[in-house]
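Geometric and topological summary
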Amino acid sequence: MTTTAPPDTHAGLRDAAAEYAARVDVDVDLGAVTWEVSTRAKRRSGACLFDRKTESVTIRLTWAAYREYGWTEFRDVIRHELVHAWEFQQFGESGHGRRFREKAREVDAPRHCRTFTDARLRLVCTNGDCEWTARRHRASKAVTEPGDRRCGACRSRYAVEHVDSGERWQTSDGYEAARERIEEW
Ligand SMILES: [Zn+2]
Ligand SMILES: [Zn+2]
């Protein structure tokens, strides 16, 4: 590939990932790796699956995570999944233990499967004419005490939404109450 433009289609992402993987210095049989793009995964940036019978590996890349990180950062995810592929091919199993950690260090891959912030929390402006929204992954003050803060664009109040449950709140009391109702934070 002579172009340096970041991929903007699923097929483009698969191709770019496969091509990038060939340049990573890790002993993976890429001929036995299938690349997929997922539009459904909500939290995981990528996944590596192993079929014991055929010993084939599937690396599934999450489209939304790619869109959020951009190509340069998303390559971290690819290296992480390649370490899983390496473990599966060499040992028939994979986790995030010492062996994984050491190999991940060798290829400068993040140790943890990265989750992307799309999932958990969203700040949404209460002004119907304003489209401002922001994502939050943790219960920072912007999430627990939204009453003290304002929309980043029009300075109206904003609501915090817990994406999975749809619970919303605009005050710290509201946060506490929602937190009790939400079974899976
Ligand atoms: Zn992982
Ligand atoms: Zn606003």
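Residues numbered from 1 in each chain as written. Chains lettered and ligands numbered in written order. Predicted model: local features only at pLDDT ≥ 70, side-chain atom pairs only at ≥ 80, totals over all residues. Heavy atoms only, no water.

1. Focus on the coordination of the zinc ion (ligand 2)
Rules: Only N, O and S atoms count as donors, using a 2.8 Å cut-off from the metal and 3.2 Å for Na, K and Ca, and because water is excluded some sites may appear unfinished. For a four-donor site, all angles between 85 and 135 degrees give tetrahedral; for four or six donors, opposite pairs above 155 degrees with the remaining angles between 65 and 115 give square planar or octahedral; all remaining cases count as irregular.
On the protein side, the zinc ion (ligand 2) has C125 (SG), C130 (SG), C151 (SG) and C154 (SG) as donor atoms, found 2.2 to 2.3 Å from it. Bound by 4 donor atoms, the zinc ion (ligand 2) shows angles of 103 to 112 degrees at the metal and therefore tetrahedral coordination geometry.

2. Things to note about the sheet that holds strand 3 (residues 56–62)
The strands making up a sheet associate through backbone hydrogen bonding, with each pair oriented either parallel or antiparallel. Here is the rule: Any two strands with at least two DSSP-identified bridges between them are counted as paired. Secondary structure counts use DSSP, requiring at least four H or I residues in a row for a helix and at least two E residues in a row for a strand, with both numbered from the N terminus. Angles here are taken between N-to-C directions and fall from 0 to 180 degrees, while the axes themselves are lines fitted to C-alpha atoms, restricted in helices to the stretch in contact. Contact criterion: two residues are considered in contact whenever any of their non-hydrogen atoms come within 4.5 Å of each other.
Spatial strand order, 1-3-2: 3 strands in an open sheet with mixed pairing. In this open sheet, the two edge strands, each paired with only one partner strand, are strand 1 (33–38) and strand 2 (46–51). Strand after strand, the sheet turns through a mean of 20 degrees between neighbouring axes, direction not considered. Direction of pairing for strand 1 relative to strand 3: parallel, over a ladder of 6 bridges. If you follow V37 over to strand 3, its bridge partner there is L61. Of the strands in this sheet, strand 1 and strand 3 are in contact with helix 1 (residues 10–21), which crosses strand 1 at around 140 degrees.

3. A look at helix 4 (residues 98–106)
As a reminder, the rule being used: Only protein chains enter the accessibility calculation, which uses a 1.4 Å probe; a residue whose area is less than 20% of its type maximum is buried, one above 50% is exposed, and one in between is partly exposed. Throughout, the arc means the angular range of directions from the helix axis out to the C-beta atoms.
Along helix 4, the residues classified as buried are F100, K103 and A104. Along helix 4, the residues classed as buried sweep out an arc of 105 degrees about the axis, all on the same side. Residues of helix 4 that are exposed and angled more than 90 degrees away from the buried face: R98, R105 and E106. Residues of helix 4 that are buried in the fold lie against helix 3 (71–91).

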